Amino acid sequence: MAAPFSLFCLFLLTFASFKCAYADANLTQPSPTPINRDLYHSSSDLIEEIKSLVHRHPDKLTMETMKAANKGYEAEITAVTYSRNRKESDDRSKFRILLSFGQHGRELITTELALRILSILSEEQFLPKMNRATLDSILDKVVIKVVPMENLNGRKLVEAGDLCERRNGRGVDLNRNWGVDWGKKEKDYDPYEENPGTAPFSEPEAQIMRKLAISLDPHIWVNVHSGMEALFMPYDHKNVTPEGLSAYRMKLLLEELNKIHCHKHCMIGSGGGSVGYLAHGTATDYMYDIVKAPMAFTFEIYGDGTASQKDCFKMFNPVDLTTFNRVLNDWSAAFFTIFKLVPDQLDVHSKAAATSSNLDKWVSIDEYLDGYLVQRKSRHGKKMEVLEVGMQEIRTYFRLFLLSSVLLLFMFCSRISKASRQIVSAMPLSHLTRT
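Notes on the structure follow. (Residues numbered from 1 in each chain as written. Predicted model: local features only at pLDDT ≥ 70, side-chain atom pairs only at ≥ 80, totals over all residues. Heavy atoms only, no water.)

### Observations regarding the overall build of the protein
1) Next: A tally of helices and strands in the protein yields 15 helices and nine strands.
2) Next: Taking all 435 residues of the protein together, the buried fraction comes to 46%.
3) Next: Considering only intrachain contacts with a sequence separation of at least 6, the fraction spanning at least 24 residues in the protein is 77%.
4) Next: Element-wise, carbon and sulfur atoms account for 58% of the exposed surface of the protein, whose accessible area totals about 22,400 Å². (Helix = DSSP H or I, 4+ residues; strand = E, 2+ residues; numbered from the N terminus. Buried < 20%, exposed > 50% of the residue type's maximum accessible area, 1.4 Å probe, protein only. Contact = heavy atoms within 4.5 Å. Areas by Shrake-Rupley, 256 points an atom, 1.4 Å probe, with all protein chains shown as cover.)

### What about the pattern of salt bridges?
1) Next: Inspection of every chain in the model, using the stated rule, returns 18 salt bridges.
2) Next: Between Asp 59 and Lys 60 there is a salt bridge whose closest N-O contact spans 3.2 Å.
3) Next: Overall, Asp 59 belongs to the partly exposed group, its relative accessible area being 42%.
4) Next: What makes Lys 60 buried here is its relative accessible area of 12%.
5) Next: Note that Lys 60 is salt-bridged to Glu 123, the shortest N-O span being 3.8 Å. Highlighted residues: Lys 60 in the loop between helix H2 (43-56) and strand E1 (61-70) and Glu 123 in the loop between helix H3 (108-121) and helix H4 (132-139), separated in sequence by 63 residues.
6) Next: In this structure Glu 123 comes out as partly exposed when scored by relative accessible area, which is 29%. (Salt bridge = Lys/Arg side-chain N within 4 Å of Asp/Glu carboxyl O.)

### So, the state of the cysteines
1) Next: Under the criterion given, the structure shown has two disulfides.
2) Next: One disulfide bridge connects Cys 164 with Cys 312, the sulfur atoms lying 1.9 Å from each other. The disulfide joining Cys 164 to Cys 312 has a torsion of about 95 degrees about its S-S bond and is therefore right-handed. Highlighted residues: Cys 164 in the loop between helix H5 (152-159) and helix H6 (191-194) and Cys 312 in helix H11 (residues 312-316), separated in sequence by 148 residues.
3) Next: With its sulfur 2.0 Å from that of its partner, Cys 262 forms a disulfide with Cys 266. (Disulfide = S-S within 2.5 Å.)

### Digging into the packing of aromatic side chains
1) Next: Counted by the stated rule, this structure contains eleven aromatic pairs.
2) Next: For the ring pair Phe 101 and Phe 335, a centre distance of 6.1 Å and an interplane angle of 50 degrees mean the geometry is tilted. Of this pair, Phe 101 sits in strand E3 (residues 95-101) while Phe 335 sits in helix H12 (residues 321-345), placing them 234 residues apart in sequence. Comparing Phe 101 with Phe 335, the two get one shared label, buried.
3) Next: Ring geometry for Phe 336 against Phe 339: centres 5.0 Å apart, planes inclined by 70 degrees, an arrangement best described as edge-to-face. (Phe/Tyr/Trp six-rings, centres within 6.5 Å; stacked < 30°, edge-to-face > 60°.)

### A few points about the side chain of Asn 70
1) Next: Summarising the element assignment, Asn 70 is placed in strand E1.
2) Next: A distance of 2.6 Å separates the side chain of Asn 70 from the backbone oxygen of Ser 202, its partner in a polar contact.
3) Next: With residues up to four places along the chain from it excluded, the contact list for Asn 70 reads Arg 170, Ser 202, Pro 204 and Gln 207. (Polar contact = N/O pair within 3.5 Å; in protein donor to acceptor, adjacent residues only side chain to side chain.)

### Focus: unusual backbone geometry
1) Next: In this structure, the amide linkage connecting Pro 234 to the following residue, Tyr 235, adopts the cis form with an omega of 10 degrees.
2) Next: Along the chain, Tyr 235 falls in the loop between strand E6 (228-233) and helix H8 (245-260).
3) Next: Phi angles above zero are rare outside glycine, and Phe 201 is one such case at about 60 degrees.
4) Next: Mapped onto the fold, Phe 201 is located in the loop between H6 and helix H7 (204-216).
5) Next: You will see that Lys 264, though not glycine, has its phi angle at about 65 degrees, which is positive.
6) Next: If you trace the backbone, Lys 264 turns up in the loop between H8 and strand E7 (267-270).
7) Next: Judged by its relative accessible area of 63%, Lys 264 is exposed.

### Observations regarding the environment of Ala 296
1) Next: Position of Ala 296 relative to the elements: it lies in strand E8 (residues 295-302).
2) Next: Between the C-alpha atom of Ala 296 and that of Leu 98, which follows or precedes it by 198 residues, the distance is 9.6 Å.
3) Next: For Ala 296, the residues in contact, after removing those within four places along its chain, are Trp 221, Phe 232, Met 233, Pro 234, Met 250, Thr 284, Met 287 and Tyr 288.

### Notes on a nonpolar patch on the surface
1) Next: Taken together, the side chains of Leu 245, Tyr 248 and Leu 252 define a hydrophobic patch exposed on the protein surface, amounting to about 320 Å² of accessible area.
2) Next: With respect to the secondary-structure elements, Leu 245 resides in helix H8. (Patch = residues over 30% accessible without salt bridge, like charges linked within 9 Å, V, L, I, M, F, W, Y side chains within 5 Å.)

### Section: the nonpolar core
1) Next: Judged by nonpolar contacts, the single largest core of 89 residues is most densely connected at Leu 139, Ile 144, Phe 297, Phe 299, Trp 331 and Phe 335.
2) Next: For this core, the element with the highest residue contribution is H12, accounting for eleven residues.
3) Next: Residues within four places of Trp 331 in sequence aside, it is in contact with Leu 113, Ala 230, Leu 231, Cys 262, Cys 266, Phe 299, Glu 300 and Ile 301. (Core = buried A, V, L, I, M, F, W, Y, C linked by side-chain atoms within 4.5 Å.)

Take a look at the structure:
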């Protein structure tokens, strides 16, 4: 009995030693960096700050809140439109620019950049190396629509403590929910990070953004992220860049931005060829291929490569005031360089000519029907009535209607063809010969 008892005691000692060592290791690991509330606005405070900005500058800024729902999940997106003369915000002779920030909830720094850009546009803050007259001449040529926080529901999850959350309020990655090459999964696919949803544009946020894009018909699209420092152009879903003059101009612009604002350390190229993995169903690929924006980009404005994989706030956002201000100063200046350079590179009328005859720009029946779920709310509180109908059911019925119509048409044409052959075969030969 002594030997088994000794072995049992040895086992208990070993187990206790292992548990103590494991506990010590956990104690030595740094805890995740919390959100710095002195630097970053909460989502609600940031939206309120932007509302106040619009209220103070009604001559330049207008604001709208759009809502959509799908299968019990609701989302809303706020968009701010800048035009030096508010009456010209729908002027199609101006260069139209669409900027999206905060598509991933954990990337708080991007929404702060949106606020900084809007503050400069409204002349409450200023770029240190650009005089007012130069800025005014630049902004006379453009209409800029800014979506400061595309993923409000995901952002709220981050603020509640899930600092690594990038998806929306029901676990879908909004930058995998667009229609170009949707749903394809690579070998390293991570459902937590890249869940594409149940179908293209299954998510209300993506539906709203698509309608904004189709309505504005932008010359320039920029999707702003953090996690590294990079300037990406299409494509994300394949390891190539587009060909032609438009792609050449995009590359030249990125090289100029890298030299002036990134100090030549930003990664440049296609998203799919530069990052090391392919991304399917992204917004930028859709904007370039379907919306036909002549220039479509994804910018990555900050990343801390030394941070632990579990320390997401530090990995995706500056945690000290000096870095925070540097990022906002450098990247807001980069955007104003875009506003300055692009009108000289593009013909404002060429986009309309190129897209008006392009069948890819036609709105699909899914896009049209999704519109019934979008509810717009102006800053004056006016609402448009929407039909509370199930989108999947409407699509199903409509497709069945189309299919039955095609079948009936085919049967009708077949009967006519058969009847014609019978009439021809019954006619005397003399009637068929000609002199």
